[in-house]
Amino acid sequence: MPEKIPGAFGEVHSDSVWLSYKAQYFVPMARAVVLNNGFRVLLVRRKVDREWGLPMGLMIPGESAQECAERVVTEQTGLIVRKIQPFVVDSGKYNRVPGKPSAQAIIFSFRVLEWDGELEASNGHIMDARWLWPSEARNILGIFNDDVTAIEDHTCTDVDANVHAEGNLVWVR
């Protein structure tokens, strides 16, 4: 006999709770907002779906979100992350895996505060990479794209914010 569990909307049976959670398919991901010294944001065009977006990828089992973001930046752009900072966790629909049902993506977003290297415009993972002003990125991605929200969250400043850029280093206080 299933156990009764108190819930926000009354009692539910433990077997129905299990079924509702068992059906979920979660995809942990990390993405990175990389800015250059002119405050232009780095977008990549992925080969897998031919879409533009921030450097982003799936987490490998056992990998932390930060390690994933650092790895993805290097794999997709050739840049080496020296300093990184988490700034938002988001979720949304993920349906890029052929033959799999749509999933719920859990996306950890990071600011790349310091990096080294030269940008690779194409490699095994991407077709193209470009530094764009945030307004140009919005035009390419579309105003309702989750990456646009991440860019705006990272690049917006208020009266108390102190942002300084020099070379390949960006400080956000």
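Here the structure is shown first, and the text comes after it.
Residues numbered from 1 in each chain as written. Predicted model: local features only at pLDDT ≥ 70, side-chain atom pairs only at ≥ 80, totals over all residues. Heavy atoms only, no water.

(A) Molecular detail of the overall build of the protein. When helices and strands are counted, the protein shows four helices and 11 strands. Counting every position in the protein, which comprises 173 residues, the buried fraction comes to 35%. Here the contacts in the protein between residues at least 6 apart in sequence split such that 63% fall between residues at least 24 apart. Carbon and sulfur atoms make up 52% of the accessible area of the protein, which amounts to about 10,300 Å² in all. (Helix = DSSP H or I, 4+ residues; strand = E, 2+ residues; numbered from the N terminus. Buried < 20%, exposed > 50% of the residue type's maximum accessible area, 1.4 Å probe, protein only. Contact = heavy atoms within 4.5 Å. Areas by Shrake-Rupley, 256 points an atom, 1.4 Å probe, with all protein chains shown as cover.)

(B) Spotlight on the side chain of Asp128. Its location among the elements puts Asp128 in strand S9 (residues 126-132). Excluding residues within four positions of it along the chain, Asp128 makes contact with Leu43, Val44, Arg45, Trp52 and Ala121.

(C) Summary view of the sheet that holds strand S4 (residues 41-46). Strand order in the open sheet made by the three strands is S5-S4-S9, with antiparallel pairing throughout. With partners counted over all chains shown, the strands left at the sheet margins are strand S5 (52-53) and S9, one partner each. As judged from the six bridges shared by S4 and S9, these two strands associate in the antiparallel manner. Bridge pairing in S9 places Arg46 opposite Ile126. Sheet contacts for helix H3 (residues 134-141): S4, S5 and S9; angle to S9, the most-contacted strand, approximately 140°. (Pairing = 2+ DSSP bridges. Axes fitted to C-alpha atoms, helices over the stretch in contact; angles between N-to-C directions.)

(D) Up close: unusual backbone geometry. Of note, Arg50 is a non-glycine position whose phi angle comes to about 60°, a positive value. Along the chain, Arg50 falls in the loop between S4 and S5.

(E) Fine view of the environment of Ile84. Take Ile84: it is sitting in strand S7 (residues 80-94). Once the C-alpha coordinates of Ile84 and Glu114 are considered, the two residues, 30 residues apart in sequence, prove to be 6.9 Å apart.

(F) Representation of the pairing of S4 in the model. Counting buried positions over the six residues of S4 gives five, a clear majority of the element. As defined by bridge partners, S4 adjoins S5 across two bridges and the pair is classed as antiparallel. Bridge pairing in S5 links Val44 to Gly53. Counted between consecutive antiparallel strands, the loop separating S4 from S5 contains five residues, among which Arg50 sits at a positive phi close to 60°.

(G) Fine view of the packing of aromatic side chains. As enumerated under the stated definition, the model contains one aromatic pair in all. Between Trp115 and Trp131, the aromatic rings sit 5.6 Å apart at their centres with planes inclined by 20°, giving stacked as the arrangement. A residue pair is termed long-range when its members are at least 10 positions apart, and Trp115 in strand S8 (residues 103-116) and Trp131 in strand S9 qualify at 16 residues. When its relative accessible area of 19% is taken as the criterion, Trp131 is described as buried. (Phe/Tyr/Trp six-rings, centres within 6.5 Å; stacked < 30°, edge-to-face > 60°.)

(H) Broad picture of the nonpolar core. Among the nonpolar cores identified, the biggest contains 20 residues, and Val34, Val73, Leu79 and Val112 are the most heavily contacted of them. Going through the elements one at a time, strand S3 (26-34), S4, helix H2 (65-77), S7, S8 and S9 are the ones with two or more residues in this core. Examining the composition of this core, we find that five residues originate from one element, H2, more than from any other. In terms of nonpolar packing, the next biggest core, distinct from the first, is built from 13 residues, Val33, Leu35, Val41 and Val148 among them. (Core = buried A, V, L, I, M, F, W, Y, C linked by side-chain atoms within 4.5 Å.)

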